[in-house]
Amino acid sequence: MNLHAKFSRTARWLAAVAGLLLLGAVSPAMASEAAAHTKPSLVQQFGYSYLTAFMFFLSLGLGAMFLVLLHHLFDAMWSVPIRRFVEHLSCLLFPTLLIMFIPILALAPQLFPWMNLDPHHDHALHVKQALFNKNAFYIVSISLFFIWGWLAHGLRRHSLAQDKTGAAAHTVAMRRYAAGGIFIFAFSLTLAAIYWMKSLQHQFFSTMYGVVYFAGSVWMTLGTVYVITIWLRNKGPLRDVVKPRTFHDIGVLFFAFTVFYAYIHFSQYFLIWNAAVPEETFWYVLREQGSWKQVGFLIIFGHFVLPFLALLRIDAKMNTGFVTILAAWAWLMHYMDMQYNIMPVAYPDGVHISIFDPVCLAVIGGVLYWRFKADFFKHPPYPQKDPRIAETMGVYVPSAAAPNAGHGGAH
Amino acid sequence: MSATSTPFGLIAEFDKPADAMHAAEKIRDAGFTRWDVHTPFPVHGMDAAMGIKNSPVGYFTFLGGLTGYTSGMIMIWWMNAFDYTLAVGGKPMFSPFFAFPVSYELTILFASFATLFGMFTLNRLPRLHHPLLKNRRFTSGASHDKFIVVVETGDPKFSETETRKLLEIAGSQHIEMVEE
């Protein structure tokens, strides 16, 4: 079995291709940096970097919440072992990410140009005034975190309570949360994507915008969840419950969202390209200036083509070392996607990586990691008394009901 | 029925899926290549017990998809930008953007055809008849309540006495030779 050797070889090739792609994206960036015109102020530079890092990590919380909702909606068995730590990830949305959002609330007037415009002189703003006014922005932004907090903590509270009692009533309650929650999730995520990213260019229209952010978020989350699962299995806490099929199923979803993101982003681009209406095209025109064009190509080839081809084979999806590399790549790609959405407003002539970018990433990432770790060690590592936990561990437990009691007696 | 019929293979009947699975493990470990297990329902773990690797049908799918995508792109380029240029809506004569949805549909179409026909080719289908279908015990058992292991005489490791002994040790209650 030199399968492992085969994949480490593939991995090296992949790293080489990835490196070239990255070089292609970054080197023109350095060149165009010299030609920068109206430079944003230092506070703005920090603000945009912080917003980019924040939207990047918000993806993790929202993506995790989606996985929890998905688990309950489909009465899934495969995701039982990973559900607890995914619940912890989703609980980062409140209050941790709300606290991390404070700088954005404080800097909002400097980051979002529409806040300083008079709606009577700007038609686009005037017609969108119901959403795009300062009061609505602050109230909705803060409310979103409370809504997410209610949903994520409600789900985790029942999950933790079930650890003690084992009552099926908690599973039923979690399903109720999930059934309504998926709609709340969709609307709140869309509002977040519109308010915090799309409104940077308030004239823009795209009904796909929220879905694009959603698809990228879940994609990046699945890569992360895969790696955390490997780590927790190797370290011990999940050794008894994580089976090859766990990696199989996370891998398959990771692959599915690779395709889904491309499908959704292409749909957005294609409709705008085809209709060629200036109110929409200006968004992409800005993103064809300077090295932003290369970032666009990086997203096509790095966010889709490369992971798509790499994950096609089922044995690739289940090779933990291989997927770890791809998950790291997914982080980079999702971060570049966030840059692509946010940064052209600050740096219209090309990519500009400043010291603020890694610092903001490190600060937010560090705080989230610290909170996640604390949560993880405070509670049991996986749902102890989930109705499907035995099945997950590969143990067959006969139904408690008498064999002739149900199902019309057809035996 | 002619008197000079050639033997096709040994069939061994089992009453329980677990027995058939253990027999499959023995046959796998003995190194047989031309054999199969027929069960009335899918038995979990049978793939591993039989040592079946990932199906090569995926290669057909991939190549079919690649062909579909390429032919879609070439077709649209040929029709709109080469053979009969036609300006529509001020768009370029050819662009991968507008050609993509059609190419994508053709990717799926060709990939699914390739999957279906690749599966047929690998399974040597369609065929008019199979020797096993002549055997009453096989037809009534494999689709009802028996788990049947079949080892073909064409297998290089096949020997009527040795293989029969192997299946007996595996616990089969009924072993018989099926003719072509």
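In the block above lies the structure referred to throughout.
Residues numbered from 1 in each chain as written. Chains lettered and ligands numbered in written order. Predicted model: local features only at pLDDT ≥ 70, side-chain atom pairs only at ≥ 80, totals over all residues. Heavy atoms only, no water.

> In this structure, what is going on with the overall build of chain A? I would like to understand it.
Along the backbone of chain A there are 15 helices and zero strands. Burial status across chain A gives 52% buried among its 411 residues. In chain A, the proportion of contacts linking residues at least 24 apart, taken out of those at least 6 apart, comes to 83%. Counting every atom, chain A has about 18000 Å² of accessible surface; 69% of that belongs to carbon and sulfur. (Helix = DSSP H or I, 4+ residues; strand = E, 2+ residues; numbered from the N terminus. Buried < 20%, exposed > 50% of the residue type's maximum accessible area, 1.4 Å probe, protein only. Contact = heavy atoms within 4.5 Å. Areas by Shrake-Rupley, 256 points an atom, 1.4 Å probe, with all protein chains shown as cover.)

> How do you make sense of the sheet that holds strand S3 (residues 147–152) of chain B when you look at a structure like this?
The strands making up a sheet associate through backbone hydrogen bonding, with each pair oriented either parallel or antiparallel. Residues and elements named next belong to chain B. A sheet is described by the order of its strands in space; here four strands give the open sequence S2-S3-S1-S4, paired in antiparallel fashion. Looking at which strands have only one partner, the edges of the open sheet turn out to be strand S2 (35–38) and strand S4 (174–179). Looking at each pair of strands side by side, their axes are set apart by 20 degrees on average, direction ignored. The strands touched by helix H1 (residues 17–30) are strand S1 (7–14), S2 and S3; relative to S3, the strand with the most contacts, the crossing angle is about 20 degrees. Along the sheet face, helix H6 (residues 160–169) touches S1, S3 and S4 and points at about 15 degrees away from the line of S1. (Pairing = 2+ DSSP bridges. Axes fitted to C-alpha atoms, helices over the stretch in contact; angles between N-to-C directions.)

> Got a minute to help me understand the interface of chain A and chain B in this structure?
One frequent convention defines the size of an interface as the accessible area lost when the parts assemble. Every contact between the two is made by 11 residues of chain A and, on the other side, 11 residues of chain B. Between chain A and chain B, the buried area comes to about 930 Å², and carbon and sulfur atoms account for 76% of it. The largest share of the area that chain A buries against chain B comes from A:Phe266, A:Phe270 and A:Trp273, three residues that together contribute 49% of it. Between chain A and chain B we count zero salt bridges in total. (Buried area = accessible area lost by both parts, 1.4 Å probe. Salt bridge = Lys/Arg side-chain N within 4 Å of Asp/Glu carboxyl O.)

> Before we go on, may I ask you to explain the environment of A:Ile228 in this structure?
Residue and element names in this part refer to chain A. Within the secondary structure layout, Ile228 lies in helix H8 (residues 209–235). Taking the C-alpha atoms as reference, Ile228 lies 29 Å from Ser354; in sequence the two are 126 residues apart. Discounting residues that sit within four places of it in the chain, Ile228 has contacts with Phe85, Leu89 and Phe372.

> So what exactly am I meant to see when it comes to the packing of helix H9 (residues 244–275) of chain A against helix H4 (residues 96–122) of chain B here?
When two helices pack together, you describe them by how their axes are tilted relative to each other and by the distance separating the axes. Contact pair H9(A) / H4(B): the axes reach a minimum separation of 10 Å and the direction vectors enclose 135 degrees. In terms of orientation, H9(A) lies oblique with respect to H4(B). The chirality of how H9(A) crosses H4(B) is left-handed. Contacts between H9(A) and H4(B) involve A:Tyr263, A:Phe266, A:Tyr269, A:Phe270 and A:Trp273 on the former and, on the latter, B:Phe97, B:Phe98, B:Phe100, B:Pro101 and B:Tyr104. Across the contact of H9(A) with H4(B), the residue classes tally to 10 nonpolar, no polar and no charged. (Parallel < 35°, antiparallel > 145°, perpendicular 65-115°, else oblique. Left-handed = near helix turned anticlockwise from the far one by under 90°. Nonpolar A, V, L, I, M, F, W, Y, C, P; charged D, E, K, R; others polar.)

> When you look at the layout of surface pockets in this model, what are you seeing that I'm missing?
Gaps between atoms show up when a probe of the same size as a water molecule is rolled over them. Residues and elements named next belong to chain B. In this structure, the second largest pocket encloses a volume near 1200 Å³. Lining the second largest pocket we find 28 residues, and of these Trp35, Asp36, Leu122, Asn123 and Arg124 sit closest to its centre. Looking at the lining of the second largest pocket, the elements with two or more residues in it are S2, H4 and S3. Ranked by the residues each element gives to the lining of the second largest pocket, the list is headed by S2, at three residues. When the residues that make up the lining of the second largest pocket are grouped by side-chain class, the tally is 14 nonpolar, seven polar and seven charged. (1 Å grid on protein atoms, 1.4 Å probe; cavity = no way out; pocket = protein on both sides within 12 Å on 5 of 7 lines; lining within 4 Å. Points joined across faces, edges and corners; volume = space filled by probe spheres on them.)

Any functional reading would require information beyond the geometric quantities listed.
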